[in-house]
Amino acid sequence: MSISLRSLILLPIWISMAHIQQGGPDEKEKTTALKDLLSRIDLDELMKKDEPPLDFPDTLEGFEYAFNEKGQLRHIKTGEPFVFNYREDLHRWNQKRYEALGEIITKYVYELLEKDCNLKKISIPVDATESEPKSFIFMSEDALTNPQKLMVLIHGSGVVRAGQWARRLIINEDLDSGTQIPFIKRAMDEGYGVIVLNPNENYIEVEKPKIHVQSSSDSSDEPAEKRERKDKVSKETKKRRDFYEKYRNPQREKEMMQLYIRENGSPEEHAVYVWDHFIAQSAAENVFFVAHSYGGLAFVELMIQREADVKSKVTAVALTDSVHNVWHQEAGKTIREWMRENCCNWVSSSEPLDTSVESMLPDCPRVSAGTDRHELTSWKSFPSIFKFFTEASEAKTSSLKPSLTRRSHRIKHEEL
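The residue count restarts for each chain, going from 1 along the sequence in the order it is written. In keeping with the model being predicted, local features are shown solely for residues with a pLDDT of at least 70 and side-chain atom pairs are shown and tallied solely at 80 or more, while totals for entire chains, interfaces and linings include all residues. Only hydrogens and water are set aside when side-chain values are computed; all heavy atoms of the structure are taken into account.

Participant: Just to check I follow, could you spell out the environment of K107 for this structure?
Facilitator: Strands here mean DSSP runs of E at least two residues long; helices mean DSSP runs of H or I at least four residues long; both are numbered from the N terminus. When you line up the elements, K107 lands in helix α5 (residues 91–115). Burial classes: relative accessible area under 20% of the type maximum marks a residue as buried, over 50% as exposed, and values in between as partly exposed (1.4 Å probe, protein chains only). On the basis of relative accessibility, which here comes to 56%, the residue K107 falls in the exposed class. For K107 and R161, which are 54 residues apart along the polypeptide, the C-alpha to C-alpha distance reads 9.4 Å.

Participant: I'm lost on the sheet that holds strand β10 (residues 314–320) in this one. Help?
Facilitator: Hydrogen bonding along the main chain pairs the strands of a sheet, whether they run parallel or antiparallel. Read from one edge to the other, the open sheet built from 8 strands follows the order β3-β4-β6-β5-β9-β10-β11-β12, with strand pairing classed as mixed. Both edges of this open sheet fall to β3 (120–124) and β12 (366–368), since each of them pairs with a single strand only. For this sheet, the mean inter-axis angle between neighbouring strands, taken without regard to orientation, is 20°. Bridge count between strand β9 (residues 286–292) and β10: 6 bridges; the pairing is parallel. Strands pair, by our definition, only if DSSP identifies at least two bridges between them. To obtain an axis, a line is fitted to C-alpha atoms, over the contacting stretch when the element is a helix, and the angle between two such axes runs from 0 to 180 degrees between their N-to-C directions.

Participant: How should I be thinking about the pairing of strand β6 (residues 192–196) in this particular structure?
Facilitator: The element β6 is extensively covered by neighbouring structure, given that 5 of its 5 residues are classed as buried. Going residue by residue along β6, you find Y192, V194 and V196 tucked away on one face and G193 and I195 tucked away on the opposite face as well.

Participant: What am I meant to see in the packing of aromatic side chains here?
Facilitator: Aromatic ring pairs are reported here in terms of the distance separating the ring centres and the angle at which the planes meet. Aromatic rings from Phe, Tyr and Trp, with only the six-membered ring used for Trp, were paired whenever their centres fell within 6.5 Å, and each pair was classed as stacked if the ring planes differed by under 30 degrees, edge-to-face if by over 60, and tilted otherwise. Counted according to the given criterion, the structure contains 21 aromatic pairs. Ring geometry for F67 and Y108: centres 4.9 Å apart, planes at 20°, overall stacked. Of this pair, F67 sits in strand β1 (residues 65–67) while Y108 sits in helix α5, and the two are 41 residues apart along the sequence. Classification of F67 by relative accessible area gives buried; the value is 16%. Overall, Y108 belongs to the partly exposed group, its relative accessible area being 25%. Seen from their ring centres, Y110 and F136 are 5.1 Å apart, and the 80° between their planes marks the pair as edge-to-face. On the criterion of sequence distance, the pair formed by Y110 in helix α5 and F136 in strand β4 (residues 135–139) is long-range, its members being 26 residues apart. The exposure classification of Y110 matches that of F136, with both residues buried. Cluster of aromatic residues (ring-pair linked, three or more members): W165, F183, Y192, F288, W346, W379, F382, F386, F388 and F389. We call a charge positioned above a ring when the Lys NZ or Arg CZ atom is no farther than 6 Å from the ring centre and deviates by at most 35 degrees from the ring normal. A cation sits over an aromatic face here: K149 above Y192, 4.1 Å from the ring centre. Lying over the aromatic face of F382, R186 brings its terminal NZ or CZ to 5.5 Å of the ring centre.

Participant: Can you walk me through the confidence of the model for the protein chain in this structure?
Facilitator: Reading predicted coordinates in detail is not appropriate for stretches of low pLDDT. Confidence scores here are pLDDT values: one per residue, from the predictor, ranging 0 to 100. Looking at the protein chain as a whole, its pLDDT mean stands at 84, while 75% of the residues score no less than 70. Any two residues having at least one pair of non-hydrogen atoms within 4.5 Å are treated as being in contact. Predicted confidence is poor over residues 1–8, with pLDDT under 50, and the contacts of this stretch with residues over four places away or in other chains come to 9 contacts. Scored below 50 in pLDDT, residues 405–416 makes 29 contacts in the model with residues more than four places away or belonging to other chains.

Participant: What's the story with the environment of C343 in this structure? I'm lost.
Facilitator: Here C343 is to be found in strand β11 (residues 343–347). You can call C343 buried: its relative accessible area is 0%. Note: C-alpha distance between C343 and F288 (55 residues apart in sequence) is 10.0 Å. When near neighbours in sequence (up to four residues on either side) are disregarded, C343 contacts V317, W338, C364, P365 and F388.

Participant: Please explain the packing of helix α11 (residues 294–305) against helix α13 (residues 333–342) as it appears in this structure.
Facilitator: Each packed pair of helices is defined by two parameters, the angle between the axes and the distance between the axes. Relative orientation of the contacting elements α11 and α13 amounts to 130°, with a least axis distance of 10 Å. The angle between α11 and α13 falls in the class oblique. Both α11 and α13 take part in a crossing whose hand is right-handed. Here F299, V300, M303 and I304 of α11 come into contact with α13, specifically with I335, W338 and M339. Here the residues of the contact of α11 with α13 are counted per class, giving 7 nonpolar, no polar and no charged. The scheme is simple: roughly parallel for angles under 35 degrees, roughly antiparallel for over 145, roughly perpendicular for 65 to 115, oblique for anything else. Handedness of a helix crossing follows the sense of rotation of the near helix relative to the far helix, less than a right angle counterclockwise being left-handed and clockwise being right-handed. Think of it as three bins: nonpolar holds Ala, Val, Leu, Ile, Met, Phe, Trp, Tyr, Cys and Pro, charged holds Asp, Glu, Lys and Arg, and polar takes everything else, Gly as well.

Shown next as structure tokens:
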């Protein structure tokens, strides 16, 4: 906001204060009230009263955007990429618009998983009642029956949902880099069953019920004069609060409450639940995980809770810029040893793809994803991950380890 605009907003208050200070004691109370008002006003929040309604379209067409043949989001009329600053000097409104578009993108990706990738949407908990909160995952038709290979995909934290790596990439780059669809399609082409986790869908939001508190002034034991005085104070307090609220939040949004999904209230809980009810029940001899960012932490937590089962069923794990920490998560020695032999972490780095990157932690080997952008690490390491899985599968058959763990530049970790 410019200085001149700020001055115009505050000028009437300054003039009022100057007039009031010339008056008597009653006027001094008004001065105090005005000073209190000034101390509470956030000028950026003050400008909300002039922002347009937070009422956005619920379809891509309504936003006048569509994905072209390259999977890029473009304006239907101009062909231009998405513009965040649609309205100048209205950052909050622009952010809300971006979030509304993001929700549409999430539903669009869900549709692609079902229609384009032929995955099934499976509701969880599997024994949920009609009225309780539910989430869902996606699976290929042969996810539980494929006798050879099963690939499990876990995204990171934040606003992303099943089938996405990064919303920002989907909106600003393309569907290939921002979604898990290329992984799903190639996996199915190469004979894998597929399960797509949804670790951030932990609760549903419902509107908070309004609680009506009975006014203490209704007490018949109080003298009428006292009740009248209290009512007057209460009305003045409410009037003052409403005045402040008008500027603080002119477009008051509904108060919401969160109802958590049973046994799926966190990404870690979700990973364990899907393991117990789906992955562990699958027929696949070789299970492979691709886990990005916080998804890597969720996988390590799964290992800690189901170590023997994971070791017996999982052949290899590809992490992409994982944020796991074997010390903070208290992963035992046997888990760390297994991770060194069966996992690889493609991390953000300016080094060429697959170049070894040093690590201070004694867990899995770290190699460059060929990009220094965290959100791009899964997409950039895409070909190397499938090669790693193929080598791991062949190595298991011939009782050897995949080449990434045998290379001469492999990091040697000391047992600490």
